[in-house]
Amino acid sequence: MRVFVTGATGLIGSAVVADLLSNDHTVLGLARSDASAQKLEAAGAEAVRGGLADLGAVRAGAAQTDGVIHLAFANDFSSPEALANAIAEESAAITAIGQELVGSDRPLVVCSGTPAVPGRSSTEEDPLPTVGPVAGRGITVTATLELAARGVRASAVRLPRTVHNNGTGGFAGVLTNIARQSGVSGYAGDGTQRWPAVHALDAATLFRLALENAPAGTSWHAVDDEGDQVKDIAAVIGRRLGLPVESVPAETYGPLGAIFATDQPASSAHTRAALGWAPTHPRLLEDLENIEA
Ligand SMILES: NC(=O)c1ccc[n+]([C@@H]2O[C@H](COP(=O)([O-])OP(=O)(O)OC[C@H]3O[C@@H](n4cnc5c(N)ncnc54)[C@H](OP(=O)(O)O)[C@@H]3O)[C@@H](O)[C@H]2O)c1
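Residues numbered from 1 in each chain as written. Predicted model: local features only at pLDDT ≥ 70, side-chain atom pairs only at ≥ 80, totals over all residues. Heavy atoms only, no water.

What follows concerns the sheet that holds strand E7 (residues 162-164). Strand order in the open sheet made by the three strands is E7-E9-E11, with mixed pairing throughout. At either end of the open sheet lies a strand with only one pairing partner, and these are E7 and strand E11 (225-229). Strand after strand, the sheet turns through a mean of 40 degrees between neighbouring axes, direction not considered. Sheet strands in contact with helix H6 (residues 170-182) are E7 and strand E9 (194-199), and its direction is about 85 degrees off that of E7. (Pairing = 2+ DSSP bridges. Helix = DSSP H or I, 4+ residues; strand = E, 2+ residues; numbered from the N terminus. Axes fitted to C-alpha atoms, helices over the stretch in contact; angles between N-to-C directions. Contact = heavy atoms within 4.5 Å.)

Let's shift gears to the nonpolar core. Counting residues in hydrophobic clusters, the biggest one holds 34 residues, and the most contacted among them are Val16, Leu20, Ile69, Val157, Leu159 and Phe207. Breaking this core down by element, the ones donating at least two residues are strand E1 (2-6), helix H1 (11-21), strand E2 (26-31), helix H2 (34-43), strand E5 (107-113), strand E6 (153-159) and helix H7 (200-213). With eight residues, the top contributor of residues to this core is H7. For isoleucine 69, the contacting residues outside a window of four places in its chain are Val3, Phe4, Val5, Thr6, Val16, Leu20, Val109, Phe207 and Leu211. Counting residues in each nonpolar core, the second largest holds 24 residues, with Ala188, Ile233, Ala234 and Val236 among its members. (Core = buried A, V, L, I, M, F, W, Y, C linked by side-chain atoms within 4.5 Å. Buried < 20%, exposed > 50% of the residue type's maximum accessible area, 1.4 Å probe, protein only.)

On to the sheet that holds E5. The strand order across the open sheet built from seven strands is E3-E2-E1-E4-E5-E6-E10, with neighbouring strands paired in parallel fashion. Lying at the two open borders of the sheet, with one neighbouring strand each, are strand E3 (46-49) and strand E10 (218-221). Strand after strand, the sheet turns through a mean of 25 degrees between neighbouring axes, direction not considered. With four bridges joining them, E1 and strand E4 (residues 67-70) adopt parallel strand pairing. Bridging from a neighbouring strand, valine 3 pairs with glycine 67 of E4. Sheet strands touched by H7: E1, E4, E5, E6 and E10. Its angle to E6, the strand with the most contacts, is close to 165 degrees.

Once that is clear, we can look at the side chain of serine 185. Counting through the fold element by element, serine 185 comes out in strand E8 (residues 185-188). Judged by its relative accessible area of 1%, serine 185 falls in the buried class. Of note is the side chain of serine 185, whose polar atom sits 2.7 Å from the backbone oxygen of alanine 234. Non-local contacts of serine 185, meaning those with residues more than four positions away in its chain, are made with Ala179, Ala234, Ile237, Gly238, Leu243, Pro244, Val245 and Glu246. (Polar contact = N/O pair within 3.5 Å; in protein donor to acceptor, adjacent residues only side chain to side chain.)

A separate point is H2. All buried positions along H2 are accounted for by Ser36, Ala37 and Leu40. Down the axis of H2, the sector holding all buried residues measures 100 degrees, keeping them to one side. Turned more than 90 degrees away from the buried face of H2 sit Asp34, Ala35, Gln38 and Ala42, all of them exposed. Phi for glycine 44, located one or two positions after H2, is positive at around 100 degrees. (Arc of directions from axis to C-beta.)

Our next topic: the pairing of E9. Taking burial as the measure, the six residues of E9 include five buried ones, the bulk of the element. For E7 and E9, the ladder comprises three bridges, and the chain directions are parallel. By the bridge assignment, threonine 162 is partnered in E9 with alanine 197. Relative to E11, E9 runs antiparallel, the two sharing three bridges. Within E11, the position partnered with alanine 197 by the bridge is aspartate 225.

Turning our attention to the packing of aromatic side chains. Tallied over the full model, the rule gives five aromatic pairs. Relative to tryptophan 195, the ring of phenylalanine 171 lies with its centre 5.4 Å away and its plane at 75 degrees, an arrangement referred to as edge-to-face. Here phenylalanine 171, found in helix H6, pairs with tryptophan 195, found in strand E9; they are 24 residues apart in sequence, far enough to count as distant. On the basis of relative accessibility, which here comes to 12%, the residue phenylalanine 171 falls in the buried class. Exposure remark for tryptophan 195: the relative accessible area of 1% places this residue in the buried category. An angle of 15 degrees between the planes, with centres 4.5 Å apart, marks the rings of tyrosine 253 and phenylalanine 260 as stacked. Taking the relative accessible area as the measure of exposure, phenylalanine 260 reaches 1% and is therefore buried. In this structure an aromatic cluster arises from ring pairing among Phe171, Trp195, Tyr253 and Phe260. (Phe/Tyr/Trp six-rings, centres within 6.5 Å; stacked < 30°, edge-to-face > 60°.)

This paragraph deals with the site of the ligand. Taken together, the neighbourhood of the ligand is formed by 24 residues, with Thr9, Arg32, Ser36, Arg137 and Val163 sitting nearest. Taking leucine 11, its main chain carries an N or O atom lying 2.8 Å from an oxygen atom of the ligand. Separating an oxygen atom of the ligand from a side-chain N or O atom of arginine 32 is a distance of 2.7 Å. Coverage of the ligand by the protein chains reaches 82% of its 900 Å² of free accessible surface. (Near = heavy atom within 4 Å. Areas by Shrake-Rupley, 256 points an atom, 1.4 Å probe, with all protein chains shown as cover.)

What follows is the structure, given as structure tokens:
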């Protein structure tokens, strides 16, 4: 397949591009800068210039390919307003892609987060949240899955709190960055809350499997570690950076404070059984050993 990938230069997207190219697909990636276009071309993909807000470019990318994997997101958590703007930008772009694909039966794979369900691991059957700071993303994904009824083979890969590669990425990466700045490797609350995780190279394989095989309207969990206690994550970060490990106020994490404090393990049993997905890369606590002081 010739596949249009947004976010193709990111931590997850670059792994997705490599996985697609090594499995007989070709890639057209959305590139918002010369540097991103060069990165894509060096990886063996083609680039189409434009940002998520350039709906013409986004539509054109979808129009000239056999399927779409959408990963681009501004990832601006600096304030509630910045986060809301990033969510609105992404929502408009996904809507434009979906409109382009209506009636084509082509695949559209979008991403969201694994949901949190009190007292147990969430499953692929659980709905995405409709309240909270990132609920707008889930609402857009849910609407996208409804395009199944309009001739789009839409599916969603739900990502855990940390998608990592070489010790960086995701919420664990945020903990590392804050530890470097503050001199304390912190965690919210008592740190017993659990976060799921996956290596980016394993997540990439699941995006490809969903593109190739997922029935319309389905959701999948890219989860390897069902739940690592956050105090254990902070302990590795603190040891690698030579910093004390302590509980810190949830406000340290800005608009994401409540999410950082929540116990939110997730299961991928259905995904593994139905799509034959089998993660093989290092788990989070092992990968964090790559952090350099
Ligand atoms: N990593 C995780 O732990 C994790 C966990 C849950 C969900 N996710 C989600 O997975 C997706 C990919 O995450 P990631 O970790 O790979 O992110 P990342 O490394 O920050 O990469 C973001 C990608 O999106 C592109 N991008 C950002 N804003 C854009 C815009 N306005 N227009 C066009 N392209 C834009 C970036 O392009 P440039 O290279 O040009 O900057 C880059 O390719 C995101 O939706 C993220 O929220 C990630």
